[in-house]
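Coordinate analysis (summary)
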Amino acid sequence: MSSHMVMSTETEFGIYTPENPGADPVDLSCRIVDAYSALSRRGTPTEGSQPVRWDYTAEDPLNDLRGMRLSRAAADPSMLTDDPYHLAPSGGSEKLPLPRQSSGYLPASVSSVLTNGARLYVDHAHPEYSAPETLSARDAVLWDRAGEVIARRMMSAARERGGDIVLVKNNTDGKGAAYGTHENYQISRRIDLDDLIRGLTPFFVTRPVICGAGRVGIGQRSEFAGFQISQRADFVENEVGLETTFNRPIINTRDEAHANPAYFRRLHVIGGDANQFDSSLYLRLGTTGLVLKAIEAGLGMEWDALAMDDPVQETWNISHDPTLTYKAGLAGGARSALDIQKIYVDLVSETFSRAGIELSADEELVLKYWDGVLTRMSEELFSVATEVEWVGKYQLLDRQRQRLSTTWDDPKLAAMDLQWADLREDRSLVAALDRAGRVKRMFTPEEVQHAADWAPENTRAYLRGYAVRNLPGLIAASWTSLCEAQGDQMIRRPIVEAAGVDPSVLSDLEHGTLVRAEQE
């Protein structure tokens, strides 16, 4: 069992323009991604080269972990992520046409690869930042936060072109629309799917208590007044499924490894909230990695006591109770979400001890921090207000509610919720709290800025970022490939899979001999 787990995040940003609230979000997304794509190689040896587009060849979105494949005819168009034209179904704007191309990728205006190894593109009606692969929760937090830097650069680039476009890091507009913050974990193909579902479902249902982003409004359209723990909870509608944009499941079954499928699966998690607090994001990623590692080691019968009769309903119930007093129905008796998370801490620790598994230093820190945060929350909720995002938001907005002598359906509180997610530093409530020392940070601003330009050095993202920065002939890339133009042909080169990248291979990359080439 590996001591490292490859993981990464994907963030769809909310988007609008103050000058025209009814503007087409697809058009806005195309414009803002195009504006930054044009700058994506600025300041590099390849400055002046065209942005690197996305190579869709290895995408396989209809393959299901349950041992089946959904037919394209039966699939909703939003699921066809291997077809670049699912990304902007309205066709974009007149100034940004989306002509179909035989080479299998869209013009760089709506999809590009960045020097930090990330992917930036238009996904449906949102700009999406897919962070590069990392080998620890700490690194995954850093390169997720780098996406916020890139979002601010995107807004600046759009303003230079004469457009005032605003990006927000949240998951719903409060009027029925939802957009995702996804996570990816590389796990062994040996893990049984039933064990994944059994071990993960109660964990995912209760995990928002340590990593939810908080939300004003209850129900998909904020039909009821109130504050809840999770942005995504009300949009969970199924226990297990392949879909990501409708009928959203707790456990997503897309089997698209982005690695050797004989050995690996990529667990695609779609139910998380968009976090701006480092600690919440660290807990979200780190604890999930630990639970997955425990599942791979083998589940004992004691895990069966966590089984829930109705996980979807419990997802809603737990999110709707910021007092944390609600008790979910389990096979082993009713328990609060905090209690269930504490049980997971014990189960994970006991599983590792039984299997003789030694954790890395990073994993030990996650386990200790997880246990400590739960203990402090059970003693005094607001003791974690600088670490657990929904608690910090709840504290701030509830104080404002009391000061105004108002109720949770007050539009002023909904406006503050949006302002919390606003990525403009002069408007953001999180940025204001940060300046006041009321957000616990893991990284300096300089480290986050650096990660927006440079890839992790211990995964294949390093090679991808290096190629974007240094190879003028690179025209497209994916998680697993680099595509170079050679005359009238395109040469596709597979890149190494995950960890332990040896920088000496860069000399081979420069001379066009990395792994093998496939002519097209």
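As the structure is a computational prediction, the values presented were derived from the model and not from experiment. (Residues numbered from 1 in each chain as written. Predicted model: local features only at pLDDT ≥ 70, side-chain atom pairs only at ≥ 80, totals over all residues. Heavy atoms only, no water.)

1. What to know about the overall build of the protein chain
What counts here: Numbering of helices and strands runs from the N terminus; a helix is a DSSP stretch of H or I covering at least four residues, while a strand is a stretch of E covering at least two. Each residue's exposure class comes from its accessible area (1.4 Å probe, protein chains only) as a fraction of the maximum for that residue type: buried when under 20%, exposed when over 50%, partly exposed otherwise. What makes two residues a contact is simply this: any of their non-hydrogen atoms within 4.5 Å.
Helices and strands together make up the secondary structure of the protein chain, namely 14 helices and 21 strands. A buried classification covers 60% of the 520 residues belonging to the protein chain. Put simply, 70% of the contacts in the protein chain that link residues at least 6 apart link residues at least 24 apart.

2. With respect to the pattern of salt bridges
Heads up, the condition is: What counts as a salt bridge is simple: a side-chain nitrogen of Lys or Arg found within 4 Å of a carboxyl oxygen of Asp or Glu.
Per the counting criterion, the structure on display carries 30 salt bridges. A salt bridge links Glu148 to Arg145; its shortest N-O distance comes to 3.3 Å. A residue pair is termed a helical-turn pair when its members lie 3 or 4 positions apart in one helix, as Glu148 and Arg145 do in helix H2 (residues 137-160) at three residues. Looking at Glu148, the relative accessible area reads 2%, which means it is buried.

3. What to know about the sheet that holds strand S15 (residues 264-272)
For clarity, the threshold we go by: Note on pairing: two strands pair once DSSP finds at least 2 bridges between them. All axes are obtained by fitting lines to C-alpha atoms, using only the stretch in contact for helices, and the reported angles, taken between N-to-C directions, cover 0 to 180 degrees.
Strand order in the open sheet formed by six strands is S6-S7-S8-S1-S10-S15, and the pairing between neighbours is antiparallel. Whereas interior strands pair on both sides, the edge strands pair on one side only; in this sheet they are strand S6 (111-113) and S15. The average angle at which neighbouring strand axes cross in this sheet is 20°, direction not considered. Across five bridges, strand S7 (residues 119-123) lies against strand S8 (residues 126-130) in antiparallel orientation. Across the sheet, the residue bridging to Tyr121 is Glu128, located in S8. Each of strand S1 (7-12), S7 and S8 touches H2; the most contacted strand, S8, lies at about 145° to it. Along the sheet face, helix H5 (residues 278-297) touches S1, strand S10 (181-188) and S15 and points at about 30° away from the line of S10.

4. Quick word on the nonpolar core
Put simply, the rule is: Residues belong to one nonpolar core when they are buried, are Ala, Val, Leu, Ile, Met, Phe, Trp, Tyr or Cys, and are joined through side-chain atoms within 4.5 Å.
In terms of nonpolar packing, the biggest core is built from 114 residues, with Leu200, Trp370, Met377 and Trp390 touching the most fellow members. With residues up to four places along the chain from it excluded, the contact list for Trp370 reads Phe203, Ile210, Leu283, Thr287, Leu290, Val291, Gln341, Tyr344, Val345 and Val348. Judged by nonpolar contacts, the second largest core, of 12 residues, contains Trp54, Ala477, Leu482 and Ile495.

5. As for the packing of H5 against helix H8 (residues 361-379)
For clarity, the cut-off: Working rule for angles: under 35 degrees goes down as roughly parallel, over 145 as roughly antiparallel, 65 to 115 as roughly perpendicular, anything else as oblique. By definition, turning the near helix anticlockwise from the far helix through less than a right angle yields a left-handed crossing, and turning it clockwise yields a right-handed one. When residues are sorted by character, Ala, Val, Leu, Ile, Met, Phe, Trp, Tyr, Cys and Pro go into the nonpolar class, Asp, Glu, Lys and Arg into the charged class, and all the rest, Gly among them, into the polar class.
One way to put it is that H5 packs onto H8 with a least axis distance of 9 Å and a crossing angle of 115°. The pairing of H5 with H8 is recorded here as roughly perpendicular in orientation. Between H5 and H8 lies a crossing whose hand is left-handed. In contact with Ser279, Tyr282, Leu283, Gly286, Thr287, Leu290, Val291 and Lys293 of H5, H8 contributes Asp362, Glu363, Leu365, Val366, Leu367, Tyr369, Trp370 and Val373. Split by residue class, the contact of H5 with H8 holds 10 nonpolar, three polar and three charged.

6. Overview of the environment of Glu302
Here Glu302 shows up in the loop between H5 and helix H6 (311-319). Counting along the chain gives 30 residues from Glu302 to Gly332, while the straight-line C-alpha distance between them is 9.4 Å. Glu302 has contacts with Leu347 and Arg354, leaving out every residue within four places of it along the chain.

7. Quick word on the confidence of the model for the protein chain
What counts, and what does not: How sure the predictor is of each residue is captured by pLDDT, a score from 0 to 100.
Looking at the protein chain as a whole, the pLDDT averages 89, with 89% of positions reaching at least 70. Note that pLDDT drops below 50 for residues 87-108; the model gives that stretch 55 contacts with residues more than four away or on any other chain. A low-confidence stretch, residues 510-520 (pLDDT under 50), is modelled with 27 contacts involving residues beyond four sequence positions or located in other chains.

8. Describing the packing of helix H7 (residues 337-355) against H8
For any two helices packed against each other, the geometry is given by the interaxial angle and the distance between the axes. Contact geometry for H7 and H8: axes closest at 10 Å, N-to-C directions at 155°. Between H7 and H8, the angle falls in the class roughly antiparallel. Note that H7 runs across H8; the crossing there is left-handed. Contacts between H7 and H8 involve Leu338, Gln341, Lys342, Tyr344, Val345, Val348 and Ser349 from the first element and Leu367, Trp370, Asp371, Leu374, Thr375, Met377 and Ser378 from the second. Partitioning the contact of H7 with H8 into residue classes produces eight nonpolar, four polar and two charged.

9. Some thoughts on the side chain of Ser481
Short version of the rule: Counting of polar contacts relies on pairs of N or O atoms within 3.5 Å, with two restrictions inside protein: one atom must be capable of donating a hydrogen and the other of accepting it, and residues adjacent in sequence are counted only when both atoms are side-chain atoms.
Relative to the helices and strands, Ser481 is located in strand S19 (residues 481-486). Using a relative accessible area of 4% as the deciding quantity, one classes Ser481 as buried. Polar side-chain contacts of Ser481 include one of 2.7 Å to the side chain of Asp55. A distance of 2.7 Å separates polar atoms of two side chains, one belonging to Ser481 and the other to Ser478.

10. Points about H2
Which entries qualify depends on this criterion: Here, expected helix span is obtained from the residue count minus one, scaled by 1.5 Å.
The end-to-end C-alpha distance of H2, which contains 24 residues, comes to 35 Å, matching closely the 34 Å that a straight helix rising 1.5 Å per residue would cover. Counting buried residues in H2 gives 17 out of 24 residues, a clear majority hidden from the surface. Just downstream of H2 lies Gly162, where phi reads positive at about 95°.

11. Comments concerning the packing of aromatic side chains
For the record, the criterion: Centre distance within 6.5 Å is the pairing criterion for rings of Phe, Tyr and Trp, where only the six-membered ring of Trp is used; planes under 30 degrees apart are then read as stacked, over 60 as edge-to-face, and the remainder as tilted. Placement of a charge over a ring requires the Lys NZ or Arg CZ to be within 6 Å of the ring centre, with the centre-to-atom vector within 35 degrees of the ring normal.
Scanning the model with the defined rule gives 12 aromatic pairs in all. For the ring pair Tyr282 and Tyr369, a centre distance of 6.1 Å and an interplane angle of 45° mean the geometry is tilted. Here Tyr369 lies in helix H8 and Tyr282 lies in helix H5, a separation of 87 residues in the sequence. Across the pair, Tyr369 and Tyr282 agree in class, each one buried. Three or more aromatic residues joined by ring pairs make a cluster, and in this case those are Phe203, Phe204, Trp303, Tyr344 and Trp370. Geometry around Tyr121 places Arg119 over its ring, the cationic atom sitting 3.6 Å from the centre. One cation-aromatic arrangement involves Arg469 over Trp454; the distance from NZ or CZ to the ring centre is 3.6 Å.

12. Digging into H8
Helix length check: H8, at 19 residues, gives a terminal C-alpha distance of 27 Å against a target of 27 Å (1.5 Å per residue), a fit within 8%. Those residues of H8 not exposed but buried are Glu363, Val366, Leu367, Tyr369, Trp370, Val373, Leu374 and Met377. Buried-residue contacts for H8 involve helix H3 (193-206), helix H4 (208-211), H5, H7 and helix H9 (389-404).

13. Observations concerning the pairing of strand S12 (residues 224-228)
Look at any regular strand and the pattern is simple: side chains alternate between the two faces of the sheet. Here strand S11 (residues 215-218) runs beside S12; their pairing, made up of three bridges, is antiparallel. Bridged to Val216 within S12 is Phe227. The antiparallel pairing of S11 with S12 creates a hairpin that spans five residues between the two strands, and Gly219 there sits at a positive phi of about 100°.

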